[in-house]
Structure formats: structure tokens, C-alpha cells
Amino acid sequence: MCPERNCPNCPGEENRAESPSKRRLLNVLLGGSVLAWLGSVLYPMAAFLLPPPSPAMRERSVMVGTVNEFANNSGTLFRLGTRPGILVRTDRGEFRAFIAICTHLDCTVQFKEDESVIWCACHNGKFNLQGMNISGPPPRPLDPLEVSVRGDEVHVSLPA
Ligand code: FES
């Protein structure tokens, strides 16, 4: 092989130098194949790590039951989307509903019939039937939900 570049005595030597258009084509093909490879690796990983939202996550309203299923001075846990809710029927027959997650450390609350309060068993936190924190460590009231009675069905929904 001749050590000189573009040697006039060596036939075809000038053809060995790549033309700019060939180099550009090779760069485009190489770059495209690298991008395609990255896409084929990263897309399945992203799809696995970020699952599509389930219909339950978008749920804003739920029918909890019929009016006569709930006795006065009682509480019923239900699910609204991915969170628990509590439907309380007061001793006067009124319905109230809250997100059933304690505002202290996120335990699920329950209705305590003997005291007519919403109670958190984790640290003995208590809420009145308006959802206000009345004793124990919870720092703020429960998040309220809206209750509507349609016919004999009791529906609970997130506030607008
Ligand atoms: S988590 Fe409810 S009182 Fe602590």
C-alpha cells in the first residue's frame, strides 16, 4: 500500500477518500439506527414504570347504597376511586361523607357508635360528625365529600 495520500501513481487512490455526501448518508443511517435501538429499549421500560391510569383513579362519584341500608347513628366505609370514604348517617337521619383517611398519619378512620364520632384507632384521634378534629393528634379536619340522595340511592362524590 502506498503511504502517500492522493498519490498520482496509485490508480483509484483518489476514490478511497469518502465524499461528503456518502459520509452524511452513513451518519444519518447510524444515527437513525441508534435512535431506533434507544426507542426499542426505553419505551418498554417507560411503559412498565408508568402504567396507564386505571378507571378507578378517575372515579369521582359512587353509589354507596340505598337509604334504608343505613341505620341512624351508623357509619359505612366505601371506596371512591383509590381512596376510602366514610358515609355517616346521624341519629337524626342526615347523611355526611368524608375521605376516610386520618389527617394525622393516614390511617383509615371508622365510625364509633357509642360516642357518635369518627375515630382513628391508630392514635385515638377523633372527629365530630362535621369532620372537625376534636381530640387526639389529627392536625386538621377530614376532607369532606358531597352526598346526594337520588330516589332511594345515596351517591357520594368529590366536591366540584
Ligand atoms: S393516624 Fe389517626 S390519630 Fe394518628
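Everything discussed here concerns the structure shown above.
The sections below set out a description of the structure shown in this document. This is a predicted model, so every value here is computed, not measured.

**Let's talk about the overall build of the protein chain**
Secondary structure summary: the protein chain contains 3 helices and 10 strands in total. Here the protein chain holds 160 residues, and 18% of them are scored as buried. When contacts within the protein chain are restricted to residue pairs at least 6 apart in sequence, long-range pairs at least 24 apart make up 37% of them.

**Some details on the sheet that holds strand β2 (residues 74-80)**
Taken in spatial order, the 6 strands of this open sheet run β1-β10-β9-β4-β3-β2, and their pairing is antiparallel. At either margin of the open sheet sits one strand with a lone partner, and together these are β1 (61-66) and β2. Each neighbouring strand pair of the sheet contributes to a mean axis angle of 30°, computed without reference to strand direction.

**What to know about helix α2 (residues 20-49)**
The end-to-end C-alpha separation of α2 is 43 Å, in line with the 44 Å expected for 30 residues at 1.5 Å each. Of all the 30 residues making up α2, 0 are buried; the element is thus mostly uncovered.

**Here's the deal with the environment of S157**
In this fold, S157 is placed in strand β10 (residues 153-157). Take S157: there are 16 C-beta atoms within 10 Å of it, and that puts it in the partly exposed class. Residues within four places of S157 in sequence aside, it is in contact with R60, S61, L145 and E146.

**Quick notes on the sheet that holds strand β7 (residues 125-127)**
Ordered by their spatial adjacency, 4 strands build an open sheet running β5-β6-β7-β8, and the pairing between neighbours is antiparallel. Only two strands of the sheet have a single neighbouring strand rather than two, namely β5 (110-112) and β8 (133-135). Geometrically, the sheet is characterised by an average inter-axis angle of 45° between neighbouring strands, direction not taken into account.

Rules behind the numbers
Residues numbered from 1 in each chain as written. Predicted model: local features only at pLDDT ≥ 70, side-chain atom pairs only at ≥ 80, totals over all residues. Helix = DSSP H or I, 4+ residues; strand = E, 2+ residues; numbered from the N terminus. Buried ≥ 20, exposed ≤ 12 C-beta atoms within 10 Å, placed from the backbone. Contact = placed C-beta atoms within 7 Å. Pairing = 2+ DSSP bridges. Axes fitted to C-alpha atoms, helices over the stretch in contact; angles between N-to-C directions. Expected span 1.5 Å × (residues − 1).

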